[in-house]
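# Coordinate inspection notes
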Amino acid sequence: VEAMANAVAFGVTCRREMPANDYGFQPQRSLALSDAVTLYLTQDRGLSLAVLERNDISMQRTVVDSSKRTSDSVIVFPYMVAGNVRGQKMRRVSVKKFWQTPGSARCLYGFDNIVGQREVILLEGEIDMLSCETAGLTNAVSVPGG
């Protein structure tokens, strides 16, 4: 993380085109945000619709208990590098539980935001990064696994 941040801080270009299968990663199919998830992200978490759209935030449904046939909404955060999806991190809406799609690259969430920046804001989570962007701070990233 420090090496990437230093490279960006000193103007080193970190962007390079990577083949889609560099990490053996295949993105899982996602859905457009439901009204309930949109309300959670915008009203409860204070994020703007423009930031959600710009960061390609989507959702999935996941089975919580197959015996009871219950499911939950899951927010999908795509990890992008040079405009290409390199991983996905999921977060259940009803319970604070996270996981990543198998084969996801370990890279900074919002990496493309800091290319060419002289200063970088390093944060713990994806929502934190999206909150900074909503507030107009576009040089923020989140650590993987944060």
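All values reported here derive from a predicted model rather than from experimental measurement. (Residues numbered from 1 in each chain as written. Predicted model: local features only at pLDDT ≥ 70, side-chain atom pairs only at ≥ 80, totals over all residues. Heavy atoms only, no water.)

## Looking at the pattern of salt bridges
Using the following cut-off: Counted as salt bridges are all cases of a side-chain nitrogen of Lys or Arg within 4 Å of a carboxyl oxygen of Asp or Glu. Labels follow the DSSP assignment, with helices taken as runs of H or I lasting at least four residues and strands as runs of E lasting at least two, numbered in each case from the N terminus. Per-residue accessibility, obtained with a 1.4 Å probe over protein chains only, is compared with the maximum for each type, and a residue is labelled buried under 20%, exposed over 50%, and partly exposed between these values.
Overall, the coordinates contain three salt bridges when judged by the stated rule. For Glu133, the salt bridge is made with Arg54, and the minimal N-O distance between the two is 2.8 Å. Of the two residues, Glu133 is situated in helix H5 (residues 126–134) and Arg54 in helix H3 (residues 49–54); the sequence distance between them amounts to 79 residues. Taking relative accessible area as the criterion, Arg54 reaches 48% and is therefore assigned partly exposed. Here Arg92 makes a salt bridge to Asp72, at a shortest N to O gap of 2.9 Å. Within this pair, whereas Arg92 is found in strand E3 (residues 84–92), its partner Asp72 is found in strand E2 (residues 70–81), the two being separated by 20 residues in sequence.

## What to know about the pairing of strand E1 (residues 58–65)
It is a general feature of regular strands that their side chains alternate between the two faces of the sheet. Applicable threshold: When DSSP finds two or more bridges between a pair of strands, those strands are recorded as paired.
Here E1 runs beside E2; their pairing, made up of seven bridges, is antiparallel. For Asp65, the partnering residue across the bridge sits in E2 and is Thr70. From the end of E1 to the start of E2, which pair antiparallel, there are four residues, and Arg69 there has a positive phi angle of about 55°.

## Focus on the sheet that holds E3
We count it as follows: Between N-to-C directions, angles cover 0 to 180 degrees, with each direction set by a line fitted to C-alpha atoms, over the stretch in contact for helices. Any pair of residues with heavy atoms lying within 4.5 Å of one another is described as a contacting pair.
Read across the sheet, four strands follow the order E1-E2-E3-E4 without closing on themselves; strand pairing throughout is antiparallel. Edge positions in the sheet fall to E1 and strand E4 (98–100), since each has one partner strand and no second. Across the sheet, the mean angle separating the axes of adjacent strands is 30° when strand polarity is ignored. Helix-sheet contacts for helix H2 (residues 35–44) involve E1, E2 and E3, and the interaxial angle to E2 is about 60°.

## Comments concerning the packing of aromatic side chains
Quick reminder of the rule: Planes of paired rings set the category: under 30 degrees apart is stacked, over 60 is edge-to-face and the rest tilted, where pairs are Phe, Tyr or Trp rings (Trp by its six-membered ring) whose centres lie within 6.5 Å. A positively charged side chain is recorded as over a ring if its NZ (Lys) or CZ (Arg) lies within 6 Å of the ring centre. The angle to the ring normal must also be within 35 degrees.
On inspection of all chains with the given rule, the structure shows two aromatic pairs. On the basis of an interplanar angle of 85° and a centroid distance of 6.0 Å, the ring pair of Phe77 and Tyr109 is categorised as edge-to-face. Separated by 32 residues along the polypeptide, Phe77 in strand E2 and Tyr109 in the loop between E4 and helix H4 (111–114) bring together distant segments of the chain. Of the two residues examined, Phe77 and Tyr109, each falls in the buried class. Its guanidinium or amino end placed over the ring of Phe98, Lys89 lies 4.8 Å from that ring's centre, counting from NZ or CZ.

## Looking at the nonpolar core
Quick note on the threshold: Residue types Ala, Val, Leu, Ile, Met, Phe, Trp, Tyr and Cys, when buried and joined through side-chain atoms within 4.5 Å, form a set referred to as a nonpolar core.
With 26 residues, the main nonpolar core has Leu41, Ile57, Ile75, Phe77, Tyr109 and Leu130 as its most contacted residues. Of all the elements in the fold, those that place two or more residues in this core are H2, H3, E2, H4, H5 and strand E6 (140–142). Dropping the residues within four chain positions of it, Phe77 is found in contact with Ile57, Gly87, Gln88, Lys89, Arg91, Tyr109, Glu126, Ile127 and Leu130.

## Overview of the pairing of E3
The element E3 is extensively covered by neighbouring structure, given that seven of its nine residues are classed as buried. Sheet topology places E2 next to E3; eight bridges connect them, and they run antiparallel. Bridge pairing in E3 links Pro78 to Gln88. Hairpin connection, E2 to E3: the antiparallel pair is bridged by two residues, and Ala82 has positive phi, about 55°. Hairpin connection between E3 and E4: a loop of five residues separates the two successive antiparallel strands.

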